[in-house]
Amino acid sequence: MLGAATKRSQPQEQPGGDTMAESRPTTATSTEPAATSGRPAKTIETRGVNLFYGDFQAVEEVTTTIEPNKVTALIGSSGCGKTTFLRSLNRMHELTPGARVEGTVTLDGEDIYDSRVDPVAVRRLIGMVFQQPNPFPTMSIYDNVAAGLTLNAKKISKAQKDGVVERSLRGAHLWEEVKDRLDKPGGSLSGGQQQRLCIARAIAVEPEVLLMDEPCSALDPVATLAVEDLIGELKSRYTIVIVTHNMQQAARASDVTAFFNLDATGKPGHLVETGPTQEIFTNPNKKETEDYVSGRFG
Amino acid sequence: MPEVARAEYLEELANLEASALGGLDLVNIALGRTLEAVERQDVELAQVVVADDDRIDGRYLEVHQALITLLATQSPVATDLRLISSLLHVLKNIERMGDQCVNVCKVIPISGNEPPADEEMVRLILTMGRQTKTLIMQAKRAFEERDVEMAQDLVRQDDVVDNLNRDCFRLALELGDDADKREWAMTMLLAARALERTADNAVDIGEQVAFVVTGLFREFEDASHPS
């Protein structure tokens, strides 16, 4: 049960096999060195997902499977609902006043919208990296990474925290650049470094899934490629969903591409086609997809 | 927002396709002159074909470079990407077909200005050449019209050329022991071989038509595993 995730430091046997709460060691006590090997990640499935802002329906009937250990890119023109859909995958959509969700979203079969599930636990298991790098600017680099741990864990020793911070910064390809100035403010880093710091902060709490909302749109080309390389490595440990307006980024960085579109302004967005990125960009099934990826429309 | 975006890029791509396929017209002209040179043992006309091959090579280089630029600057995907990829193949085939015409024309001076040793051999080669011209124009039309059925029909047309090539070989064997005659027959077999390869290039272009339309590349005929 997802809600139990807040009690992961004391896993309990529950009927029905492993739960996410039991499947992995707690973040707070995880002090192993930087893990580079792969691990099975989790699958997100959506069934008949409809998303609303008050009376306005933003997304209509999305049924899809987001595969584990793969990067899935959500593409589509502005206003087609891809970011709204992304935010529904970790229950951030409902934070907007008047927003609501219909349909089901499951993480390895567990309904994240079940009434017994704690939304905060969902957001810890399904982390989010935003368009604009948003480190706490005056907080130190170290504390930025440790922020999630501090909020989530009850007690954690300094040594344990040091281990997690190093592992997370290594995982985000930032350790070598900042290891000698961990006490400097997060705001002192470059844009690309700040975004990698945000990724380090996201993976510090050992999520299952990483959602990224246009993570490179504020970065220069070099920093963009560094983040794309990082995404490519992170997929060996996480399920990754990325929203991007950059067709080449979707083509370069993702394994699966999902194309969203809307019939007209004011109409809800819908999922047109999902497929291996290679196929979407060389031989898509739908003409609508072809027109979009070729730049014919939008 | 305009209904169709990237109009300039699409126009550029369409122009490059027309320019690349126009290379097949240049090949057809070269092949027509080649056949005339063979028929009349016309060494001067053969030299014109050899010199004029620079036009075909020039077309290859010009369109090839423009397609590479389009790839680098426009990031084409899907059908556009398949079209550009196939045009690069087609250009290579055109360049090779031009070279084959040159190969035929280069053997003409070897046999000199003497009358042909065997009229039947010349007739077979001319028939091969005319059939190859038909293939080239059919390949061009199939590409322009994205007609996979017409492209696949090139295999049937190519069989005619292959059979004529085998007839040439048999005839050469039957020409007797006269050394001059045998030498002449050898040069004519080289010419027949060049024409046979040119027809194969036309079939290759047909395979690219199927790739552009379906996204799947497959050889219409596998020479290493004939059915």
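Just so we're clear, the structure is a prediction, and the values are computed from it rather than from any experiment.

(A) Seen up close, the overall build of chain A. Helices and strands together make up the secondary structure of chain A, namely eleven helices and ten strands. Within chain A, buried positions represent 46% of all 298 residues. Residue pairs at least 24 apart in sequence account for 70% of intrachain contacts in chain A once pairs closer than 6 positions are excluded.

(B) How the structure looks around the overall build of chain B. Within chain B, the secondary structure is distributed over six helices and zero strands. For chain B, the sequential pattern of α-helices and β-strands runs α-α-α-α-α-α. Taken over the C-alpha atoms alone, chain B extends approximately 75 × 40 × 25 Å along its principal axes. Across the 227 residues of chain B, 37% fall into the buried class. Counted over contacts in chain B with a minimum sequence separation of 6, partners at least 24 positions apart contribute 81%.

(C) Highlighting helix H5 (residues 148-173) of chain B. All names here are of chain B. Along its 26 residues, H5 runs 39 Å from first to last C-alpha, staying within 8% of the 38 Å computed at 1.5 Å per residue. Among the residues of H5, Ala151, Leu154, Asp158, Val161, Leu164 and Cys168 are the ones counted as buried. Looking at the buried residues of H5, the elements they touch are helix H4 (119-145) and helix H6 (179-214).

(D) Up close: the packing of helix H1 (residues 7-40) of chain B against helix H2 (residues 43-74) of chain B. Residues and elements named next belong to chain B. It is at 10 Å that the axes of H1 and H2 come closest, and there the two elements cross at 165°. As the angle between them shows, H1 and H2 are arranged roughly antiparallel. Considering the relative orientation of H1 and H2, their crossing is left-handed. When the residues that make up the contact of H1 with H2 are grouped by side-chain class, the tally is 18 nonpolar, four polar and seven charged.

(E) Quick look at the confidence of the model for chain B. Residues at a pLDDT of 70 or more form 94% of chain B, whose mean pLDDT is 92. Our summary of model confidence lists the complex with pTM equal to 0.79 and ipTM equal to 0.72.

(F) Molecular detail of the environment of Gln195 of chain A. Residue and element names in this part refer to chain A. With respect to the helices and strands, the residue Gln195 is situated in helix H7 (residues 191-204). Sequence separation between Gln195 and Arg123 is 72 residues, and the spatial gap between their C-alpha atoms is 19 Å. Excluding residues that lie within four positions of it along the chain, Gln195 makes contacts with Pro133, Pro215, Leu219 and Val227.

(G) Quick look at the interface of chain A and chain B. Counting from both sides, the interface comprises eleven residues of chain A and, opposite them, eleven residues of chain B. At the level of elements, helix H10 (277-282) and helix H11 (287-293) of chain A are the ones that each hand at least two residues to the side of chain A that touches chain B. In terms of residue class, the side of chain A that touches chain B is made up of four nonpolar, five polar and two charged.

(H) Fine view of the nonpolar core. Membership of the largest hydrophobic core comes to 78 residues, with the highest contact counts inside it found for Leu74, Ala200, Leu210, Leu211, Ile240 and Ile242 of chain A. If one sorts the elements of this core by residue count, H7 of chain A sits on top with seven residues. Leu16, Leu24, Ala37 and Cys101 of chain B belong to the second largest nonpolar core, which has 58 residues in total.

(I) Molecular detail of the pairing of strand E6 (residues 126-129) of chain A. Residue and element names in this part refer to chain A. Neither face of E6 is left uncovered, since the one carrying Ile126 and Met128 and the one carrying Gly127 and Val129 both have all their residues buried. Relative to strand E7 (residues 209-213), E6 is paired through four bridges, and the arrangement is parallel. By the bridge assignment for E7, Met128 is matched with Leu211.

(J) Geometry of the packing of helix H5 (residues 158-171) of chain A against H7 of chain A. Residue and element names in this part refer to chain A. It is at 8 Å that the axes of H5 and H7 come closest, and there the two elements cross at 130°. Here H5 lies oblique to H7, going by the angle between them. Along this stretch, H5 crosses H7, giving a crossing that reads as right-handed. Facing Val164, Ser168, Leu169 and Gly171 of H5, the residues of H7 in contact are Ala200, Ile203 and Ala204. Counted by class, the contact of H5 with H7 contains five nonpolar, two polar and no charged residues.

(K) Spotlight on helix H8 (residues 221-234) of chain A. Residues and elements named next belong to chain A. For H8, which comprises 14 residues, the first-to-last C-alpha distance of 20 Å matches the rise-based estimate of 20 Å (1.5 Å per residue) to within 8%. Taken together, the buried positions of H8 are occupied by Thr224, Ala226, Val227, Glu228, Leu230, Ile231 and Leu234. Packed against the buried residues of H8 are strand E3 (71-75), H7, E7, strand E8 (239-243) and helix H9 (247-253).

(L) Representation of the pairing of E3 of chain A. All names here are of chain A. Within E3, five of the five residues are buried, which leaves it mostly tucked inside the rest of the structure. Side chains of E3 alternate between two faces, with Val71, Ala73 and Ile75 and Thr72 and Leu74 buried alike. Relative to E8, E3 runs parallel, the two sharing four bridges. Across the sheet, residue Leu74 finds its bridge partner in E8, namely Val243. In this structure, E3 lies alongside strand E9 (residues 256-262), joined through four bridges in parallel fashion.

(M) Inspection of the environment of Val213 of chain B at higher detail. Residues and elements named next belong to chain B. Here Val213 lies in helix H6. The exposure class assigned to Val213 is partly exposed, which follows from the 17 C-beta atoms found within 10 Å. Residues Val213 and Leu83, spaced 130 residues apart in sequence, show a C-alpha to C-alpha distance of 8.9 Å.

Cut-offs and rules
- Residues numbered from 1 in each chain as written.
- Chains lettered and ligands numbered in written order.
- Predicted model: local features only at pLDDT ≥ 70, side-chain atom pairs only at ≥ 80, totals over all residues.
- Helix = DSSP H or I, 4+ residues; strand = E, 2+ residues; numbered from the N terminus.
- Buried ≥ 20, exposed ≤ 12 C-beta atoms within 10 Å, placed from the backbone.
- Contact = placed C-beta atoms within 7 Å.
- Expected span 1.5 Å × (residues − 1).
- Axes fitted to C-alpha atoms, helices over the stretch in contact; angles between N-to-C directions.
- Parallel < 35°, antiparallel > 145°, perpendicular 65-115°, else oblique.
- Left-handed = near helix turned anticlockwise from the far one by under 90°.
- Nonpolar A, V, L, I, M, F, W, Y, C, P; charged D, E, K, R; others polar.
- pLDDT = per-residue confidence, 0-100.
- Core = buried A, V, L, I, M, F, W, Y, C linked by C-beta atoms within 7 Å.
- Pairing = 2+ DSSP bridges.

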